[in-house]
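Each chain is listed here by its residues.
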Amino acid sequence: MTWRPQYRSSKYRHVFGKPATKENCYDGVPITRSVHDNHLCTVNPRFIAVITECAGGGAFLVLSINHTGKVDPHHPKVSGHRGNVLDIKWNPFNDFCIASCSEDTTVKIWDIPEHGVLKNMTLARKELQGHSRRVGLIEWHPTANNIIFSTGYDYQVMVWKLDVPEQVIKNPLRSISVHSDVVLSMSFNTDGSRLATSCKDKKIRVIDPRTGTLLQETNCKSHKASKVLFLGNLKMLLSTGNSRWNHRQIALWDQEDLSQPCYSEDLDGSSGVLFPFYDPDTHMLYIAGKGDGNIRYYEISPEKPYVHYLTEYRSLLPQKGMGVMPKRGLDVCSCEIFRFYKLVTIKSLIEPLSMIVPRRSESYQEDIYPMTAGNKPSVTADEWIAGLDKGPVMMSLRPGSKLESYVDPGSEKDPIGSMEAQHSCSRPGLSPLIQERLDAKEGNTRKLSPPTSLFPSTNEKSSSTTYVSNGQLDSTHCSPPKTENELRQMFYKQQEEIRRLKEQLNQKDVRIKQLELEIKNVRNSQANL
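Residues numbered from 1 in each chain as written. Predicted model: local features only at pLDDT ≥ 70, side-chain atom pairs only at ≥ 80, totals over all residues. Heavy atoms only, no water.

Engineer: Break down the sheet that holds strand E5 (residues 58-64) for me, citing the residues and quoting the values.
Structural biologist: Strand order in the open sheet formed by 4 strands is E3-E4-E5-E7, with antiparallel pairing between adjacent strands. In this open sheet, the two edge strands, each paired with only one partner strand, are strand E3 (41-43) and strand E7 (78-81). Recorded for the sheet is a direction-independent mean angle of 20 degrees between the axes of neighbouring strands. (Pairing = 2+ DSSP bridges. Helix = DSSP H or I, 4+ residues; strand = E, 2+ residues; numbered from the N terminus. Axes fitted to C-alpha atoms, helices over the stretch in contact; angles between N-to-C directions.)

Rendered as structure tokens:
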């Protein structure tokens, strides 16, 4: 009988957590003392927002993502609510738009200035009035523009359309009344056609968000769910909660059959709520407990045993809440695949924590960065209301890439191949010699053109659009450099691209020699026969 190893081969097996240095943390932030079990923090590639402690009403702080170090105790806040703020979420399609909900029964939509909050903000762009009791959760629709969901202590889930002329909106599109207690979490599937909720009655429900129809409901006594999450395109749900013996537990469910979990595992006997985070691109699941210092992470597969434990990050600093950076804001040059922002109340500190795949090469690693959901909606609010469901608009994380495409959430076809084909056809900004050598390696025949300038001509039409890549503005596709500093930065980028291409050419040369040796060995063996 053939011996087989007991471990799984995985490129994420050695992922490790790297906390930021003291200089790159946000120090002196008056984090809220609220006991509400929310993330209390939200992040995008430009700003970080955190709910703060304040007297007389509710407020949250918005800081530039690069504003690290000691935070001014008198830093301006967004303070338009009359009660404590319970949840905040950035608009996934607009980095300058944020929603907040409060104990004052309202949801407010704020426009953050491009340079950040320079003075206290009290006037919101939109105010949503429909709940009769405090609002505890808000969630943006993942693919439809200007659609937001809210739920409160009146047990209602309300659907709101924001692209209307009224500043105060009193009537939601729909009010979903299928819950018998307070909703604890909401999660959408990839195209936003299903909404999963967990409730204080310990049940998980799957709802059609457009009609409010209840599609599935758990009735399992062995698992009391507190948080629920759709696992991308795997057609499965993950919930965290407690077992019958009050142990903290994770459970996996088939979204079409919630009668019994497909998989369940007891973690420990602590009492803090478990926050689940899932990365659909790498199929990695992160479990962070409120009040814990550690973060467990797993890899999810569509076949049994479904959940594969990798390892855990350990720290002595307990987290009260967590923010997560969208994939388009990660540092791909350091092989960062996920980034948390830990709220450490005992030190008034926000600590960035990067999850990194150890790689020796400094070039872009295509295999760990597949196409990911971008920052453009795939449908308008009216199209979604009319019944149209579309998967997210995908984007490449390659620095400077503009490639985007629609991806059917039900399709398992990897869009990387098509992206590679498009990328290899045109390599802007490379010298003709390197272009000729690359084409020769790939089997293309192209006549060597006369030498051209290192930078595009000012006579050529250039796009005025500015793209955000890896949390910084990318101007390599904009107008030619105007200052010496811009010229130097573009020169360094050009050198880095040349270095990377030389590395690829060397790898292909080695491969060619290997193939030549194999052909020679085959011919020798045939001659001996």
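Engineer: Go over the nonpolar core, please, and point to the residues and values.
Structural biologist: Within the largest apolar cluster, 32 residues are counted, with the highest numbers of intra-cluster contacts made by Tyr26, Ile48, Phe60, Val62, Ile112 and Tyr341. When contributions to this core are tallied by element, the ones reaching two or more residues are E3, strand E4 (47-52), E5, strand E8 (85-91) and strand E30 (336-344). If one sorts the elements of this core by residue count, E4 sits on top with 5 residues. Ignoring anything within four residues of it in the chain, the contact list for Tyr341 reads Tyr26, Cys41, Val43, Ile48, Ile65, Gly321, Met322, Gly323, Met325, Ile350, Glu351 and Pro352. (Core = buried A, V, L, I, M, F, W, Y, C linked by side-chain atoms within 4.5 Å. Buried < 20%, exposed > 50% of the residue type's maximum accessible area, 1.4 Å probe, protein only. Contact = heavy atoms within 4.5 Å.)

Engineer: Before we move on, could you go through the pattern of salt bridges and cite the residues and values that matter?
Structural biologist: Between side chains of opposite charge, a pair can form when the charged atoms approach closely. As enumerated under the stated definition, the model contains 25 salt bridges in all. Between Arg33 and Glu53 there is a salt bridge, and its shortest N-O distance comes to 4.0 Å. One end of the pair, Arg33, is in the loop between strand E2 (26-27) and E3; the other, Glu53, is in the loop between E4 and E5, and 20 residues separate them in sequence. By relative accessible area, which is 63% here, Arg33 ends up exposed. Measuring nitrogen to oxygen at the nearest pair gives 2.3 Å for the salt bridge that ties Glu366 to Arg398. Linking Glu366 in the loop between strand E31 (349-356) and strand E32 (372-373) with Arg398 in the loop between strand E33 (393-395) and strand E34 (404-406), this pair joins segments that are 32 residues apart in sequence. Three or more residues are tied together by salt bridges with common partners; here these are Arg248, Asp268, Asp292 and Arg296. (Salt bridge = Lys/Arg side-chain N within 4 Å of Asp/Glu carboxyl O.)

Engineer: Quick rundown of the packing of aromatic side chains? Include the residues and the values.
Structural biologist: Counted by the stated rule, this structure contains 13 aromatic pairs. Each ring, one from Phe149 and one from Trp384, has its centre 6.2 Å from the other, and the planes form 80 degrees; the classification is edge-to-face. Note that Phe149 is positioned in strand E13 (residues 147-152) and Trp384 in helix H1 (residues 381-385), a separation of 235 residues in sequence. For Trp384, a relative accessible area of 2% corresponds to the buried category. Here the guanidinium or amino end of Arg134 rests over the ring plane of Tyr153, the centre of that ring lying 4.1 Å away. (Phe/Tyr/Trp six-rings, centres within 6.5 Å; stacked < 30°, edge-to-face > 60°. Lys NZ or Arg CZ within 6 Å of the ring centre and 35° of its normal.)

Engineer: An account of the side chain of Asp292 is needed here, citing residue identities and associated values.
Structural biologist: Examined against the element boundaries, Asp292 turns out to sit in the loop between strand E26 (284-289) and strand E27 (295-300). Those residues within four positions of Asp292 in sequence are excluded, and the remaining contacts are Arg248, Leu317, Pro318 and Gln319.

Engineer: Explain the pairing of strand E9 (residues 94-102) residue by residue, including any values.
Structural biologist: For E9, the tally of buried residues reaches 7 of 9 residues, placing the bulk of the element in the interior. Where E8 hands over to E9, the hairpin turn is made up of 2 residues, counted between the paired strands. Pairing between E9 and strand E10 (residues 106-111): 5 bridges, direction antiparallel. Each residue of the ladder has a partner; that of Ile98, found in E10, is Trp110. Where E9 hands over to E10, the hairpin turn is made up of 3 residues, of which Thr105 adopts a positive phi near 75 degrees.

Engineer: So, the side chain of Ser239: which residues are in play, and what are the values?
Structural biologist: Along the chain, the position of Ser239 falls in strand E22 (residues 236-243). Using a relative accessible area of 0% as the deciding quantity, one classes Ser239 as buried. A polar side-chain atom of Ser239 sits 2.8 Å from a polar atom in the side chain of His223. A distance of 2.9 Å separates a polar atom in the side chain of Ser239 from a polar atom in the side chain of Trp253. (Polar contact = N/O pair within 3.5 Å; in protein donor to acceptor, adjacent residues only side chain to side chain.)

Engineer: Help me get a handle on the sheet that holds strand E17 (residues 183-188), residues and values and all.
Structural biologist: One open sheet accounts for 4 strands, arranged E17-E18-E19-E20; its pairing is antiparallel. Either end of the sheet is taken by a strand with one partner, and the two such strands are E17 and strand E20 (214-217). Each strand of the sheet is rotated relative to its neighbour by a mean of 20 degrees, with strand direction disregarded. Here 4 bridges tie strand E18 (residues 195-199) to strand E19 (residues 204-207), and the two strands are oriented antiparallel to one another. Looking across to E19, one finds that Leu195 is bridged to Ile207.

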